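Single-letter residue listing:
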Amino acid sequence: LLMSLFIDELLRLRVGGYSFFGEPFWASARVVPPIMLASLFYALYLVFEAALYLEKKSGLIALVTIAGLGVSLAFNLLLIPQWGPLGSAWARVIAYACMALGLFVFAQQCYPVPWEWSRLLQLCLSAALIYALGKLPLLHPPVAVRLALFAAWPLLLAAAGFFRGEEREIIRGFFRKIM
């Protein structure tokens, strides 16, 4: 979320008169948010992989990975001609999401885990809201507004009832230590 909110500034960052990324790379900022989302789906894929390794069903991992390759190829062929690099980034999101979903289904059959769906939904929706507000095309929120939005994310989660009692105690203890 942080990287996606501030990718333009990161790409244009100058230190001592030097830029880490030259101007020809600045247009690539638009592919970073979908690539970051794809990385999130890939991380979920890796989490779900563990159950299949534990249950000695690694063949299913190969099956899902090959299916993901097919999805990736199909969506790259479909989206790149229309959207260029952004199409490829979204093809990656779709492929990794399909791979994560496929491994999730198999993993739950082999090694069921009781996921906290309501909390995961709160986390995802609040992050999507912060991102959407930070990238409002009509307002082009300045850096300070986007920083405030990012800093407000835990407050939004707290207001939504995301944190449990023991988690709130840990947070309070942290703030007591730094104060």
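Rules and cut-offs
Residues numbered from 1 in each chain as written. Predicted model: local features only at pLDDT ≥ 70, side-chain atom pairs only at ≥ 80, totals over all residues. Heavy atoms only, no water. Helix = DSSP H or I, 4+ residues; strand = E, 2+ residues; numbered from the N terminus. Contact = heavy atoms within 4.5 Å. Axes fitted to C-alpha atoms, helices over the stretch in contact; angles between N-to-C directions. Parallel < 35°, antiparallel > 145°, perpendicular 65-115°, else oblique. Left-handed = near helix turned anticlockwise from the far one by under 90°. Nonpolar A, V, L, I, M, F, W, Y, C, P; charged D, E, K, R; others polar. Phe/Tyr/Trp six-rings, centres within 6.5 Å; stacked < 30°, edge-to-face > 60°. Lys NZ or Arg CZ within 6 Å of the ring centre and 35° of its normal.

Asker: Quick question: what am I supposed to make of the side chain of S126 here?
Answerer: Tracing the backbone shows S126 in helix α5 (residues 117-134). Once you skip the residues sitting within four places of it in the chain, S126 turns out to touch W153, L156 and L157.

Asker: Sorry, what's going on with the packing of α5 against helix α6 (residues 143-159) here?
Answerer: When two helices pack together, their arrangement is given by the angle between their axes and by how far apart the axes lie. Remark: α5 packs on α6, axes separated minimally by 10 Å, with the N-to-C direction vectors making an angle of 160 degrees. Considering the angle they form, α5 stands roughly antiparallel to α6. Taken as a pair, α5 and α6 cross one another with a handedness that is right-handed. Facing α5, whose interface residues are Q122, L123, S126, A127, L129, I130, L133 and G134, α6 presents R146, L149, F150, W153, L156 and L157. A class-by-class count of the residues in the contact of α5 with α6 yields 10 nonpolar, three polar and one charged.

Asker: Can you walk me through the packing of helix α3 (residues 58-83) against helix α4 (residues 85-110) in this structure?
Answerer: As a packed pair, α3 and α4 sit with axes 7 Å apart at the nearest point and diverge in direction by 160 degrees. Between α3 and α4, the angle is such that the two are roughly antiparallel. In the crossing of α3 with α4, the sense of the turn from one axis to the other is right-handed. In terms of residue class, the contact of α3 with α4 is built from 20 nonpolar, seven polar and no charged.

Asker: Where do I start with the packing of aromatic side chains in this structure?
Answerer: Given two aromatic rings, their pairing is described by the distance between the two centres and the angle made by the two planes. One pass over the full model with this rule turns up nine aromatic pairs. Aromatic side chains F174 and F175 sit 5.4 Å apart centroid to centroid with 70 degrees between the ring planes, which places their arrangement in the edge-to-face category. An aromatic cluster of three or more residues is present, and its members are F48, F104, W115 and W117. The positively charged end of R119 is found above the aromatic ring belonging to F162, 4.3 Å away from the centroid.

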